[in-house]
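Residues per chain are reported as follows:
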Amino acid sequence: MTPHSFWTLVLKIIGIWMIVNGLFFLPQFVGPFLYGHSGYDFEDLKLLLAVNLLIVVIFIAVIRLFLFKTDSLIRYFRLDHNFQETTFSLTLSEVTVLRIALIVMSGMALLDSIPDFCRNLFEFTQQKILFKDYPNAHWLVFQFIKSGLALWVLSNSRRVAGWVTQKARED
């Protein structure tokens, strides 16, 4: 493994980590539009929407840079310069390291979301109200989706890692 391939793997792992952590912030972007609209006038909502869209666009651009444009990051920051050795004695392929990172991160996301999902589901069943009247319904749905996505990535880590490396080669 060369310093260049090492930094490629590190940057791709950071990009995948950013995607996983980006799921935590999704309800925070949607919440003010669904539940806070009574306290805002139209101009405030436009500004809030514009700021949220700008943040999402920047976040997606940074993720795209870390996952698919790693060579340009390595060149720009000269990450592979000033190494004493030209190769490392690590014999894992890029896909294998990405699979390990995907399994660890999606496992952590699954372990994080299941207790919250179970707690919200228990509270919902105890209140005996309709789902649309439950005040934490958005969190219940979010935790369900997050658990499902984490489980899907955990079980399809080979396909996701292959897709990331394929897209990186295309770009």
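We now turn to the structure provided with this report. (Residues numbered from 1 in each chain as written. Predicted model: local features only at pLDDT ≥ 70, side-chain atom pairs only at ≥ 80, totals over all residues. Heavy atoms only, no water.)

In this section: the pattern of salt bridges. Counted by the stated rule, this structure contains 5 salt bridges. Ionic pairing is found between Glu123 and Arg119, a salt bridge with its closest N-O pair at 3.8 Å. Residue Glu123 and its partner Arg119 are located together in helix α4 (residues 94-127), separated by 4 residues, close to a single helical turn. By relative accessible area, Glu123 is classed as partly exposed at 28%. Through salt bridges with shared partners, a single ionic network connects Asp116, Arg119 and Glu123. (Salt bridge = Lys/Arg side-chain N within 4 Å of Asp/Glu carboxyl O. Helix = DSSP H or I, 4+ residues; strand = E, 2+ residues; numbered from the N terminus. Buried < 20%, exposed > 50% of the residue type's maximum accessible area, 1.4 Å probe, protein only.)

Glancing now at the nonpolar core. If you look at the biggest cluster of nonpolar residues, it comprises 21 residues, and the most contacted ones within it are Leu11, Ile16, Phe66, Leu67, Leu98, Leu102 and Met105. Residue assignment for this core shows that the elements contributing at least two residues are α1 (3-35), α2 (42-68), α3 (70-77), α4, α5 (137-155) and α6 (157-170). Top contributing element to this core by residue count: α4, with 6 residues. Aside from chain neighbours lying at most four places away, what touches Ile16 is Leu67, Leu98, Leu102 and Met105. Counting 5 residues, the second-largest nonpolar core is a separate cluster that includes Phe117, Phe124, Tyr134 and Ala137. (Core = buried A, V, L, I, M, F, W, Y, C linked by side-chain atoms within 4.5 Å. Contact = heavy atoms within 4.5 Å.)

Moving on, we come to the packing of aromatic side chains. Under the definition given, this model contains 7 aromatic pairs. A centroid spacing of 5.7 Å and a plane angle of 90 degrees characterise the contact between Phe68 and Trp163, whose relative ring orientation is edge-to-face. Residue Phe68 is located in helix α2, and its partner Trp163 is located in helix α6; the two are separated by 95 residues in the primary sequence. Ring geometry for Phe124 and Phe131: centres 5.6 Å apart, planes at 80 degrees, overall edge-to-face. Look at Phe131 and you get partly exposed, because its relative accessible area is 38%. Put simply, the rings of Phe124, Phe131 and Tyr134 pair up and form one aromatic cluster. (Phe/Tyr/Trp six-rings, centres within 6.5 Å; stacked < 30°, edge-to-face > 60°.)

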